[in-house]
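Commentary on secondary and tertiary structure
So the chains spell out like this:
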Amino acid sequence: MSYYIHLNGQNIGPMSEHQMMAYSVNANTSVSKDGGAWAPLYTYPELMAALQSSGAASVQDSKRVVCGILAILVGTLGVQYFVIGKTTAGLLTILLSLVTCGCWGIVTLIQGIMMLCMTDAEFERKYVESTSTLPLF
């Protein structure tokens, strides 16, 4: 069986369920079976079993927590963006921190608190799947 997934504004596939688990998918990721209608991953029992056995859900949860803590502690260095793969955002954060003489740290402190308070699905949508160059709030 071939599956397609929709991540970061792109359709990726065809692939097997094993290959799909290599991507940062969660229960709400849009999936198409053989190029047909799109539905959330949780509607496919075989994919949910693979997701739960791969531990991908716990990886996303720990990534959200790690990013939140990093944003609170060293947010002016943009490390939280490098963790989720948004290199441009990380570099822009460093630049903004230098230009504002460190005052940008207030924004990253608030961002870190918000990351820790949001759900995994919200974190995924706002930061990981977003096409924004510098996703903030």
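Residues numbered from 1 in each chain as written. Predicted model: local features only at pLDDT ≥ 70, side-chain atom pairs only at ≥ 80, totals over all residues. Heavy atoms only, no water.

When you go through the chain residue by residue, the secondary structure sums to seven helices and four strands. Tracing the chain from N to C terminus, the helices and strands come up as β-β-α-β-β-α-α-α-α-α-α. Taken over the C-alpha atoms alone, the chain extends approximately 55 × 25 × 20 Å along its principal axes. Nonlocal contacts in the chain, meaning residues at least 24 apart in sequence, comprise 53% of its contacts between residues at least 6 apart. (Helix = DSSP H or I, 4+ residues; strand = E, 2+ residues; numbered from the N terminus. Contact = heavy atoms within 4.5 Å.)

With that settled, the discussion passes to the pairing of strand S2 (residues 10-15). With four bridges joining them, strand S1 (residues 3-7) and S2 adopt antiparallel strand pairing. Within S2, the residue paired with Tyr3 across the bridge is Met15. Between S1 and S2, which pair antiparallel in sequence order, lie two residues; one of them, Asn8, sits at a positive phi of approximately 50 degrees. (Pairing = 2+ DSSP bridges.)

Burial along S1 is one-sided: the face carrying Tyr3, Ile5 and Leu7 is buried and the face carrying Tyr4 and His6 is not. Alignment of S1 against strand S3 (residues 30-33), held across four bridges, turns out to be antiparallel. Counted as the bridge partner of Tyr4 is Ser32 from S3. (Buried < 20%, exposed > 50% of the residue type's maximum accessible area, 1.4 Å probe, protein only.)

Turning our eyes to something else, we now look at unusual backbone geometry. In terms of backbone geometry, most residues other than glycine have negative phi values and most peptide bonds are trans. With omega at 0 degrees, the peptide bond leading from Gly13 into Pro14 counts as cis. By the element assignment, Pro14 lies in strand S2. Not every positive phi belongs to a glycine, and Asn8 is a case in point at roughly 50 degrees. For Asn8, the position within the fold is in the loop between S1 and S2. At Cys101, a residue that is not glycine, the phi angle is positive and equals roughly 55 degrees. As for its position among the elements, Cys101 is in the loop between helix H5 (87-99) and helix H6 (104-117). Note on Cys101: relative accessible area 71%, which makes it exposed.

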